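A closer look at the structure
Below are the chains, spelled out letter by letter.
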Amino acid sequence: MTARAADRTRYNRATAHLDAPIAVVDLEAFDANADDLVRRAAGKPIRVASKSVRCRALLERVLARPGFAGIMSFTLAESLWLARAGFEDVLLAYPSADRSAFAELAADPKLAAAVTVMVDDHSQLELIDAARAGGTEEIRVCLELDTSLRMLGGRVRIGALRSPLRSPAQLAELARSVARRPGFRLVGLMAYEGHIAGVGDSLAGRPLRSRAIRLMQATGRRELAARRAEVVRAVRAVAPDLEFVNGGGTGSVQHTAAEAAVTEIAAGSGLYVPRLFDNYTSFTARPAALFAQPVVRRPGVGVVTVLGGGYPASGAAGADRLPVPYLPEGLRYDPQEGPGEVQTPLLGAAADDLLIGDKVWFRHAKAGELCERFDELQLIEGDRVTATVPTYRGEGRTFL
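If you're wondering where the values come from, they're calculated on a predicted model, not measured in any experiment. (Residues numbered from 1 in each chain as written. Predicted model: local features only at pLDDT ≥ 70, side-chain atom pairs only at ≥ 80, totals over all residues. Heavy atoms only, no water.)

A word on the UniProt feature "domain: Alanine racemase N-terminal" (unreviewed entry) in the chain
UniProt tags residues 25-272 as "domain: Alanine racemase N-terminal" (unreviewed entry). For residues 25-272, the end-to-end C-alpha separation is 8 Å, with 46% helix and 19% strand making up the annotated structure. (UniProt positions renumbered as here; feature names shortened; annotations may be inferred. Helix = DSSP H or I, 4+ residues; strand = E, 2+ residues; numbered from the N terminus.)

Here it is, written out as structure tokens:
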């Protein structure tokens, strides 16, 4: 029996009393993945990206482990909710225009002490001030550095369109604006190298493209390490008490941790390990989060149909954004239908061994987005469900 077949046996046994659709997290794999992230971070703390987890119980679980400290959130409303729930260090990873939430933040000393907001433009400071509604609490601010790789005199750009701040002078200028503006305190700097941390470098059947990606990433790491160090020096000259410099992501943990200028690493997807992380040479980990759909039809030889399953991930549309049938091994989508909103035909010899009501296990393309489809996660240890915990959606929280 292969390791995957053994996992299928465990998951089916653990959830035999539950009807699909269901979502599960294998806690043994989750904890092993957490340990591997800590190993790769080499002593630097890991700030957990909440968008990749979207379950308070699992955020609490991982933050209780040595090597993890703080949360990187994705909306201001989520940040305030987490702070009210007792999380004491929440870094908002994206700028916000949520005026009512800024008013809450400026009016509550507990929230203001726990939450740090992201800024990369003078206008964002003005928006926050205009939204205070009389609140006088000091707002903790983090600046974001553009990490994209520019080549051929800037004519070629590789990386996400995030911050407009690229040079040490630009970051230092905004740092001075924060320092001069009453009611704000600059505490951090963030730089997320998505073109390195979030792009697989070993694409099946595409050796030339894989090699090109590895060359691009090696070039990008060298360029960013030098520029990030210069930016940190420039910002610390303005704000010598800077509390943290955050960088990285699941795919670049060990590389980013090696930079002396970086004080902490961001990661989250590496806990669940969705299918997009199958194409990396920098690390290997175990899939921990899966969902199951029930077989509801047997249209013919070599085909079964499961209920639903069309859960595409965000990003540019393509096959790599689709979930994949994972267990039993050997199933594939019908190319004419793919994964559907209400039904998904699956082809392959393994289909002939499936009965009506059996579970087919899938892996989502991205990590926390799976939780937007399910109210609960079944936590599996060995061959038993040992707890059922709500996702953000299960707690009535859909922040985006």
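What follows continues from the structure just given.
Describing helix α2 (residues 27-41)
Taking 1.5 Å as the rise per residue, α2 with 15 residues should run 21 Å; its terminal C-alpha atoms sit 21 Å apart, in good agreement. Taken together, the buried positions of α2 are occupied by Leu27, Ala29, Phe30, Asp31, Asn33, Ala34, Asp36, Leu37, Arg40 and Ala41. For α2, the N-terminal cap is Asp26; the gap from its side-chain oxygen to the backbone nitrogen of Glu28 is 3.1 Å. Count one or two residues on from α2 and you reach Ala42, which has phi positive near 55°. (Expected span 1.5 Å × (residues − 1). Buried < 20%, exposed > 50% of the residue type's maximum accessible area, 1.4 Å probe, protein only. Polar contact = N/O pair within 3.5 Å; in protein donor to acceptor, adjacent residues only side chain to side chain.)

Notes on the sheet that holds strand β2 (residues 46-49)
Spatial strand order, β2-β3-β4-β5-β6-β9-β10-β11: eight strands in a closed barrel with parallel pairing. Each strand axis lies, on average, 30° off the axis of its neighbour in the sheet, ignoring direction. Across three bridges, the pairing between β2 and strand β3 (residues 68-73) is parallel. If you follow Val48 over to β3, its bridge partner there is Ile71. Across the sheet, helix α3 (residues 56-63) touches β2 and β3, and the angle it forms with β3 is around 145°. (Pairing = 2+ DSSP bridges. Axes fitted to C-alpha atoms, helices over the stretch in contact; angles between N-to-C directions. Contact = heavy atoms within 4.5 Å.)

Here we look at the packing of helix α8 (residues 168-180) against helix α10 (residues 207-238)
One way to put it is that α8 packs onto α10 with a least axis distance of 8 Å and a crossing angle of 25°. Overall, the two elements α8 and α10 adopt an arrangement that is roughly parallel. When you trace α8 past α10, the crossing you get is right-handed. Touching Pro168, Leu171, Ala172, Ala175, Arg176 and Ala179 of α8 are Glu230, Val231, Ala234, Val235 and Val238, all from α10. Of the residues belonging to the contact of α8 with α10, the class tally is nine nonpolar, no polar and two charged. (Parallel < 35°, antiparallel > 145°, perpendicular 65-115°, else oblique. Left-handed = near helix turned anticlockwise from the far one by under 90°. Nonpolar A, V, L, I, M, F, W, Y, C, P; charged D, E, K, R; others polar.)

Re the packing of aromatic side chains
Applying the stated criterion across every chain, the model contains 14 aromatic pairs. Each ring, one from Tyr280 and one from Phe283, has its centre 5.7 Å from the other, and the planes form 55°; the classification is tilted. Just as Tyr280 is buried, Phe283 falls in that class too. Here Tyr311 and Phe374 contribute two aromatic rings whose centre-to-centre distance is 6.0 Å and whose plane-to-plane angle is 85°, an arrangement assigned as edge-to-face. Taken as a pair, Tyr311 in the loop between β13 (303-307) and β14 (324-327) and Phe374 in the loop between β17 (359-363) and β18 (376-381) lie far apart in primary sequence, 63 residues in all. (Phe/Tyr/Trp six-rings, centres within 6.5 Å; stacked < 30°, edge-to-face > 60°.)

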